[in-house]
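Coordinates in review
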Amino acid sequence: MNYHIVIPEKVDNLAPKIANLIRVLDIPSLDAGDSVHLDFSHTEMEARVYSSGMSDKIKEAFSKNGFLKSVGIPSETTDTYNTTIPIFNGYSQNEYAIKAYLDEFVFNNEHWPRSYNNSLFGIETINSAIYEFTRNVNEHSGSNRVFMCGQFYPRNNNLRFCIVDKGKSIPFNIRNLLPNLAALTDCDVIEWATGKGNSTKPDKVAGGVGLYSIKQSMINYGEVTILSNEGLWKQALLGGHRHIPLTSKFGGTIIHLNFFLDKIPSYMPSQSEDATINNDDIFF
Amino acid sequence: MDEKTLIVKDVIQSNLAVSPEDGSNVFSILESSIKQKHLMHVDFSGLQTVTTAFLNAAIGDLYANQDRDTLNKFIKIDGQTLTNLQRQKVQLVMENARTRLSNDEIDEEM
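Keep in mind that this is a model prediction, so the values were computed, not measured.

**Overview of the overall build of chain B**
- In terms of regular secondary structure, chain B is built from six helices and five strands.
- Shown N-terminal to C-terminal, the secondary structure of chain B runs as helices and strands in the order β-α-β-α-β-β-α-α-α-β-α.
- In terms of overall dimensions, chain B is globule-like: its C-alpha atoms have a radius of gyration of 14 Å, near the 13 Å expected for 110 residues.
- Overall, chain B is about 45 × 30 × 25 Å in size when its C-alpha atoms are taken along their principal axes.
- Here the contacts in chain B between residues at least 6 apart in sequence split such that 83% fall between residues at least 24 apart.
- When the accessible area of chain B is evaluated, it comes to approximately 4,700 Å², of which 44% is carbon and sulfur surface.

**What to know about the domain arrangement of chain A**
Residue and element names in this part refer to chain A.
- The domain boundaries assigned to chain A delineate domain 1 (1-78) and domain 2 (80-284).
- Every contact between the two is made by five residues of domain 1 and, on the other side, six residues of domain 2.
- Taken together, the two surfaces of domain 1 and domain 2 that pack against each other cover about 450 Å², and 58% of this comes from carbon and sulfur.
- Linking domain 1 with domain 2 are zero salt bridges, by the criterion used here.
- Taken together, the links from domain 1 to domain 2 amount to two residue pairs in polar contact (both at pLDDT 80 or more).
- Taken together, the residues that form the side of domain 1 that touches domain 2 break down as one nonpolar, three polar and one charged.

**Some remarks on the pattern of salt bridges**
- Within the structure shown, the criterion is met by eight salt bridges over all chains.
- Note that Glu132 of chain A and Lys89 of chain B form a salt bridge whose closest N and O atoms lie 2.8 Å from each other. Note that Glu132 of chain A is positioned in helix 5 (residues 121-140) and Lys89 of chain B in helix 6 (residues 84-109), a pairing that runs across two chains. Across the pair, exposure class does not vary: Glu132 of chain A and Lys89 of chain B are buried alike.
- Across the pair Lys234 of chain A and Glu223 of chain A runs a salt bridge, and its minimum N-O distance is 4.0 Å.
- Assessed through its relative accessible area of 28%, Lys234 of chain A is described here as partly exposed.

**Some words on the layout of surface pockets**
Residue and element names in this part refer to chain A.
- Empty space within the largest pocket amounts to approximately 1,000 Å³.
- Lining the largest pocket we find 32 residues, and of these Ala61, Asn65, Gly150, Gln151 and Tyr153 sit closest to its centre.
- When contributions to the lining of the largest pocket are tallied by element, the ones reaching two or more residues are helix 2 (56-64), helix 3 (67-70), strand 3 (84-91), strand 4 (145-153), strand 5 (158-165) and strand 7 (241-260).
- Per-element tally for the lining of the largest pocket: the top contributor is strand 4, with seven residues.
- For the lining of the largest pocket, a count of residues per class yields 17 nonpolar, nine polar and six charged.
- Looking at which domains feed residues into the lining of the largest pocket, each of domain 1 (1-78) and domain 2 (80-284) supplies at least three.

**Things to note about the packing of aromatic side chains**
Residues and elements named next belong to chain A.
- Scanning the entire structure with this criterion turns up five aromatic pairs over all chains.
- For the ring pair Phe88 and Tyr101, a centre distance of 5.0 Å and an interplane angle of 50 degrees mean the geometry is tilted. Taken together, the positions of Phe88 in strand 3 and Tyr101 in helix 4 (residues 95-107) put the pair 13 residues apart, joining distant regions of the chain.
- Taking relative accessible area as the criterion, Phe88 reaches 8% and is therefore assigned buried.
- You can call Tyr101 buried: its relative accessible area is 5%.

**Some points on the nonpolar core**
Residue and element names in this part refer to chain A.
- Leu102, Val106, Met148, Phe161, Ile163, Leu257 and Phe259 are the most contacted members of the largest nonpolar core, which totals 43 residues.
- Looking at which element gives the most residues to this core, the answer is helix 5, with seven residues.
- Setting aside chain neighbours within four positions, we find Leu102 in contact with Phe107, Asn127, Ile130, Tyr131 and Phe161.

**Describing the confidence of the model for chain B**
- Summing up the model confidence of chain B, the mean pLDDT is 88 and the portion of residues at 70 or higher is 91%.
- Across chain B, the element-wise mean pLDDT spans from 76 in helix 6 of chain B up to 97 in helix 1 (residues 8-12) of chain B.

**Some details on the environment of Gln80 of chain B**
All names here are of chain B.
- Here Gln80 lies in the loop between strand 5 (75-77) and helix 6.
- A residue is classified by how much of its surface remains accessible, and Gln80, at 62% relative accessible area, is exposed.
- Separated by 35 residues in sequence, Gln80 and Ser45 place their C-alpha atoms 8.3 Å apart.

**Observations concerning the sheet that holds strand 3 of chain A**
Residues and elements named next belong to chain A.
- Strand order in this open sheet of five strands is 3-4-5-7-6, and the pairing throughout is antiparallel. Only two strands of the sheet have a single partner each, and these edge strands are strand 3 and strand 6 (222-235). Geometrically, the sheet is characterised by an average inter-axis angle of 20 degrees between neighbouring strands, direction not taken into account.
- Two elements, strand 5 and strand 7, share eight bridges in a ladder whose sense is antiparallel. Following the sheet pairing, Leu159 is matched in strand 7 by Phe259.
- Against the sheet, helix 4 makes contact with strand 3, strand 4 and strand 5, and its axis sits at roughly 175 degrees relative to strand 3, the strand it touches most.

The rules we used
Going along each chain's sequence as written, the residues are numbered from 1 onward. For naming, the first written chain is A and the first written ligand is 1, with later ones following in the order written. Side-chain atom pairs in this predicted model are given and counted only at pLDDT of 80 or more, local residue features only at pLDDT of at least 70, and totals for whole chains, interfaces and linings cover all residues. Side-chain metrics rest on all non-hydrogen atoms present in the structure, leaving aside hydrogens and water. Strands are runs of DSSP state E lasting at least 2 residues, helices are runs of H or I lasting at least 4, and numbering of each runs from the N terminus. Taken over C-alpha atoms, the radius of gyration is set against a globule rule of 2.2 Å times the number of residues to the power 0.38. Whether two residues are in contact is decided by their heavy atoms, any of which lying within 4.5 Å being enough. Surface exposure here means Shrake-Rupley accessible area, sampled with a 1.4 Å probe, where a residue is shielded only by the protein chains that are shown. For the purposes of this description, domain bounds are those given by an automatic or database domain assignment. Defined in terms of a 1.4 Å probe, buried area is the accessible area two parts forfeit on being brought together, summed over both. In what follows, salt bridge is the name for a side-chain nitrogen of Lys or Arg lying within 4 Å of a carboxyl oxygen of Asp or Glu. Pairs of N or O atoms within 3.5 Å make up the polar contacts considered here, provided that, within protein, one atom can donate a hydrogen while the other can accept it, and that residues adjacent in sequence are counted only when both atoms are side-chain atoms. Each residue is assigned to one of three groups, with Ala, Val, Leu, Ile, Met, Phe, Trp, Tyr, Cys and Pro labelled nonpolar, Asp, Glu, Lys and Arg labelled charged, and all others, Gly among them, labelled polar. Relative accessibility under 20% of the residue-type maximum defines a buried residue, over 50% an exposed one, and the middle range a partly exposed one, all with a 1.4 Å probe and only protein chains included. Grid points spaced at 1 Å and placed over the protein atoms alone form the basis of the search, with a cavity being a set where a 1.4 Å probe fits but cannot get out and a pocket an open set showing protein on both sides within 12 Å along at least five of seven lines. Lining residues have an atom within 4 Å of a point. Grid points are joined across faces, edges and corners, and a volume is the space filled by probe spheres set on the points. Each Phe, Tyr or Trp ring (for Trp, its six-membered ring) is paired with any other whose centre lies within 6.5 Å, and the angle between the two planes then decides the class: stacked below 30 degrees, edge-to-face above 60, tilted in between. To define a nonpolar core, start from buried Ala, Val, Leu, Ile, Met, Phe, Trp, Tyr and Cys residues and group those joined through side-chain atoms within 4.5 Å. Think of pLDDT as the predictor's per-residue confidence, scored from 0 to 100. Pairing between strands is defined by DSSP: at least two bridges between the two strands are required. Only the contacting stretch of a helix is used when fitting its axis, a line to C-alpha atoms as for every element, and angles between N-to-C directions run 0 to 180 degrees.

This is the structure:
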């Protein structure tokens, strides 16, 4: 005998009702070969999230940036100093939503340096790093959803910003596509991914400069940390790299950018200050 | 030789040159221009942000289909319309595209 039971669209307090359903079906009396198909395809699932063990400091930060509320945990903490950049939860390829978010919560925040208002350089430096990462998520992680948040630290003149995806981690993705790198540690794989011209794309397709470009553009302006799978890679302000193997796995990638706002010039460096050599006739 | 100007901001209708899809639109115009043997000036003015993903699709991929002399003859990027950071990215993408293509040519020869 085959039983096909369609579960209704709305089911509150699901667990006891399923238990009751199983009791009503009298599962033990089913004969060998019988099948019971519980069809949840029409059902809206209501997940409940509980938290435990969170320190007061973390709870306060998660409350201020809206994280707790976004996962259904009630919280009420006022951001007295307006330093928090709230959670962004959206599509990595939606550059207009990302622009609106950055414009509203970063570049119009009271802690964004007023001296930058006459120049786009500070905005460009920060935008550039963030868009490079969000495009990277879209191209490589297999996920098109990205989460972002951040905070201004006015005393230190820092802007710390975090970009997270829950797609394929960098080590997983690279090892999967380039088996010759399988022996590298997760930290070494991340290091490889940030190298100039290193890409999982075939040679005839242009690529492999996104992460390299970000790490180069952050030297002297801030720090970059990439955490993916069991590896943590960090680039310091002056460009030195540090590898920290992790004891637990994160199935995705976390990028942390720490901008030293007082080190980013408020003016646009002129072309004459460009130390790179133009070695192609295509420019004029 | 006919000369034209491609204003990137007008083609992508945005001041954010970030997506490879927008880059592909620019690529198509440049490739078509080369086929018609027109000299195309590329103007990047008015762009707030340019990503390497956009530039790879717009310019980098040209190196897979065209030799360097052809690109130099028919495409001129107006460096004055780029910010310093954008200029560094354009140069990086061009250098990288040439390197990757030459790697591919070496692989094929071997």
